[in-house]
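# Structural features, examined
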Amino acid sequence: MTSLSFARRDGRLLLLLGLLVAVLSVVSLAVGPTEIPLSGLFESGDGPNAIIMQELRLPRVLLALCVGGTLGLAGAALQGLLRNPLAEPGLVGASSSAALGAVLVLYFGIYNLFPLALPVAAILGALAAVGLLYLLAGRNPGVMTLILAGIAVSSLAGSVISLAINMSPNPHSAAEIVFWLLGSLKDRSMDHFRLALPFMVAGTALLLTSGAALDALTLGEDTARTLGFNLGRVRFFLVAGTALTVGSGVAVTGAIGFIGLVVPHLLRPFVGYQPRRLLPASLLGGMALLLAADIGVRLIPTQLELKLGVLTSLVGAPFFLALVLKTRKVMQ
Amino acid sequence: MLSFLPKGPRATGLALLALLTATSMAQAQTHPRVMSPRVMSPRVMSIDNCANQYLMALADREQIVSLAKGGDQTTLAFLSARVEGVPRNHRTVEEMVAARPDILLTGQWAMSAAKVAKHFGVRVVALEAPRDIAQARRQILDVAHLLGQEERGRALVADLDQSLAEAAARRKQHRTEGVVYRSGGYAYGADTLVDSIMDGAGIANVAARLGLRRAGNIDMETLLVARPQVMLDDQARDARDPRIATDFLAHPALRRGLPQATRIQFPMAYWLCGGEALPMAVSSLATLVSERDAKREDVR
């Protein structure tokens, strides 16, 4: 098949995913506890319709697009970098380390003084995790090494978060940390969106430009090098891009898992198992999946709020398990 | 362990309290070994914040074996001067068994430890959280009776009734619509002591109007449409305390959507327990609301 027909087929896939994202965005704007016309989005003045649309539902949709898209993208990029279908920001410990950075900033009240400290600390946390993972797992990690290194990083971050909960001087602070960690897009504001956006854009750019190198990496590091890729730079771009997107996302929404695992896996057959073509598709796919999940938490009738991160884990963890079994069979 | 926790209706709790009170009096005479000099004044140990409040309000200093440590900021701030010098415990079973109080006064939170202490022969009395002022009034009298301090119990109830009467006299024809709104959207609905205190102070509880029973969450969207006139924040904490959900109450939607709503800070300690804080809660809340209403009229 020629590369032109690849482009046409990918174009069709991306168009379809884009349409899905658009439809889900409108549905997400329309769903809520009060019945509000979509026209509230364009109303001026301070009527309840305008405020609910512009200050509550719009930031929710925008953050779902940003966080979902970058999680899907980062998952696809990590899987390409580590040449392992089981890599995912949550599973390799990037999300929990980012959460640790964010919790520390919130816990010590630094956020109230410098709001920018929140995404920066979360990004540094994610950076430490992905860097540590790369050191622990080596250049060509097996499935077991990767998962074990991920567990090690996650439990390290988890234990320090537990310490923060343990040491919180009153039960309300402890409850706040726990609920925040569950991950949610509820009651976020445009301020949160504006806080995360620059980092997300920078990280997305770094990840999207690494596509060609990821393709070359499928042939092995030596081949990639002979093809003229500076692997040190490629690795830096991918690690930094993942840290920027995952860190800033976790900073404003808490940890939302498994999007980065599920989306690339579902889309890979449609892009001929080629990492470069998987990246933009995973970006759109992540947006669609997180939007759908966020609509789900509002439609599923529960007495108390069902947290978004809980729903994605409930769906994602069995998926992961099935994937582990499948991968093991292939490896044997 | 869960099956230990009493989950029956409040009537059971009150009956239990009454029964335990009666038996404690009867058994008190058969165990002179552990009694204090005054036969009718049992020595009591508290392992609960609300029980702390009751003991400070009603018991003689010699009757108090120890008070539960912790929670001072939220429940005992207004008692802190008086608590000085009173022994404190860490709510451990070891302390309960070693201290051998005539009565171990607990709430619902420390029940599992209290059950173990009971197994070792310590007499346990558990306080239910009152769900309105009427229940709180009965509980004051019950605890006072348990402590052999009926006089003080009646005085505290009289105090409460007076603050309610004063609040009622001050009340306008139109009730102010208010809500307690915490980080995350947590609110108190109907069938809570908070609702009853708000009612006594002249505030119509918006959360109850929206159909919330007991405590739970009210969506920010729903609150924006309901348009409360007063928003009470009872979680004002020490600035150094860690907090995650700070920006919830500063959300632009609340600022833009409810610019008229008066934000009032009200210490949580006042309505967590049905004891000494209750009359203070009613009168200070009534004062805050009437001050707010007066300001509104000035503006007009």
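Residues numbered from 1 in each chain as written. Chains lettered and ligands numbered in written order. Predicted model: local features only at pLDDT ≥ 70, side-chain atom pairs only at ≥ 80, totals over all residues.

This part covers the overall build of chain A. Counting its secondary structure elements, chain A contains 14 helices and zero strands. Counted from the first residue to the last, chain A has its helices and strands arranged as α-α-α-α-α-α-α-α-α-α-α-α-α-α. When the backbone C-alpha atoms are referred to their principal axes, chain A occupies close to 60 × 50 × 35 Å. Within chain A, the fraction of its 332 residues that count as buried is 49%. Residue pairs at least 24 apart in sequence account for 78% of intrachain contacts in chain A once pairs closer than 6 positions are excluded. (Helix = DSSP H or I, 4+ residues; strand = E, 2+ residues; numbered from the N terminus. Buried ≥ 20, exposed ≤ 12 C-beta atoms within 10 Å, placed from the backbone. Contact = placed C-beta atoms within 7 Å.)

Right, let's get into the overall build of chain B. Counting its secondary structure elements, chain B contains 14 helices and eleven strands. Burial status across chain B gives 43% buried among its 300 residues. Residue pairs at least 24 apart in sequence account for 65% of intrachain contacts in chain B once pairs closer than 6 positions are excluded.

Moving on: the UniProt feature "transmembrane region" (unreviewed entry) in chain A. Those residues carrying the UniProt feature "transmembrane region" (unreviewed entry) are residues 61-78, 90-110, 116-136, 143-165, 195-214, 234-267, 279-300 and 306-325 of chain A in this numbering. With 71% helix and 0% strand, the stretch residues 90-110 of chain A has end C-alpha atoms that lie 25 Å from each other. (UniProt positions renumbered as here; feature names shortened; annotations may be inferred.)

Residue and element names in this part refer to chain B. Spatial strand order, β3-β2-β1-β4-β5: five strands in an open sheet with parallel pairing. Each having just a single partner strand, β3 (88-89) and β5 (124-126) make up the two edges of the open sheet. Bridge count for strand β4 (residues 103-106) against β5 is three bridges, and the pairing is parallel. Bridge pairing in β5 links L105 to V125. Lying over the sheet, helix α6 (residues 111-119) contacts β4 and β5, oriented at roughly 155° with respect to β5. (Pairing = 2+ DSSP bridges. Axes fitted to C-alpha atoms, helices over the stretch in contact; angles between N-to-C directions.)

With that out of the way, let us pick up the pairing of β4 of chain B. All names here are of chain B. Every second residue of β4 is oriented toward a common face, with I103 and L105 on one face and L104 and T106 on the other, all of them buried. Bridge count between strand β1 (residues 44-46) and β4: three bridges; the pairing is parallel. Looking across to β4, one finds that M45 is bridged to L104.

Now for the interface of chain A and chain B. With 29 residues of chain A at the interface, the matching set in chain B holds 24 residues. Mapped by element, the contributors of at least two residues to the side of chain A that touches chain B are α2 (48-81), α3 (94-107), α7 (171-181) and α8 (190-208) of chain A. Sort the elements by how many residues they give to the side of chain A that touches chain B and α7 of chain A lands first, with six residues. Tallied by class, the residues present in the side of chain A that touches chain B amount to 14 nonpolar, nine polar and six charged. (Nonpolar A, V, L, I, M, F, W, Y, C, P; charged D, E, K, R; others polar.)

Sheet strands line up and pair through hydrogen bonds in the backbone, either parallel or antiparallel. Residues and elements named next belong to chain B. The parallel open sheet is built from four strands, whose spatial order is β8-β6-β10-β11. The open sheet terminates on both sides in strands that have one partner only, identified here as β8 (203-205) and β11 (262-265). This sheet shows a mean twist of 35° between the axes of neighbouring strands, independent of strand direction. As defined by bridge partners, strand β6 (residues 176-180) adjoins β8 across three bridges and the pair is classed as parallel. By the bridge assignment for β8, T176 is matched with I203. The strands touched by helix α9 (residues 193-200) within the sheet are β6 and β8, with β8 carrying the most contacts at an inclination of about 150°.

The subject of this paragraph is the nonpolar core. Grouped together as the largest cluster of nonpolar side chains are 93 residues, with contacts concentrated most on A99, A102 and A126 of chain A. Top contributing element to this core by residue count: α2 of chain A, with 13 residues. Residues I36 of chain A together with M56, L146 and A187 of chain B belong to the second largest nonpolar core, which totals 80 residues. (Core = buried A, V, L, I, M, F, W, Y, C linked by C-beta atoms within 7 Å.)

Despite not being glycine, Y273 of chain A shows a phi value in the positive range, around 55°. Residue classification places Y273 of chain A among the exposed residues on the basis of 11 C-beta atoms within 10 Å.

The subject of this paragraph is the packing of α2 of chain A against helix α13 (residues 275-299) of chain A. Residue and element names in this part refer to chain A. With their axes 7 Å apart at the nearest point, α2 and α13 run at an angle of 140° to one another. Relative to α13, α2 is oriented oblique. The interaxial crossing formed by α2 with α13 has right-handed handedness. Of the residues in the contact of α2 with α13, the class split is 16 nonpolar, eight polar and one charged. (Parallel < 35°, antiparallel > 145°, perpendicular 65-115°, else oblique. Left-handed = near helix turned anticlockwise from the far one by under 90°.)

To continue, consider the pairing of strand β2 (residues 64-68) of chain B. Residue and element names in this part refer to chain B. Taken across its five residues, β2 has five buried, putting it largely inside the fold. Here two bridges tie β1 to β2, and the two strands are oriented parallel to one another. Looking at β2, one finds that V44 is bridged to I64. One crossover worth recording links β1 to the parallel β2 by way of helix α2 (residues 49-58), and it is right-handed. (Right-handed = clockwise from strand over helix to strand, strands pointing away.)

Looking now at the confidence of the model for chain B. All names here are of chain B. When the pLDDT values of chain B are averaged, the result is 81; 78% of them are 70 or greater. Per-element confidence in chain B ranges from a low mean pLDDT of 42 for helix α1 (residues 10-30) to a high of 96 for helix α10 (residues 206-209). Segment residues 1-38 is flagged for pLDDT under 50; beyond a separation of four residues in sequence, or across chains, it makes 36 contacts in the model. (pLDDT = per-residue confidence, 0-100.)

This paragraph deals with the environment of F108 of chain A. Mapped onto the secondary structure, F108 of chain A falls in the loop between α3 and α4 (110-113). The class for F108 of chain A is partly exposed, based on 14 C-beta atoms found within 10 Å.

Relative to the helices and strands, E62 of chain B resides in the loop between α2 and β2. Sequence-wise, E62 of chain B and I264 of chain B are 202 residues apart; in three dimensions their C-alpha atoms are separated by 39 Å.

The next point concerns helix α11 (residues 231-253) of chain A. End to end, α11 of chain A covers 33 Å across 23 residues, agreeing with the expected 33 Å (1.5 Å per residue, within 8%). Directly beyond the C-terminal end of α11 of chain A, a positive phi value near 80° is found at G254 of chain A. (Expected span 1.5 Å × (residues − 1).)

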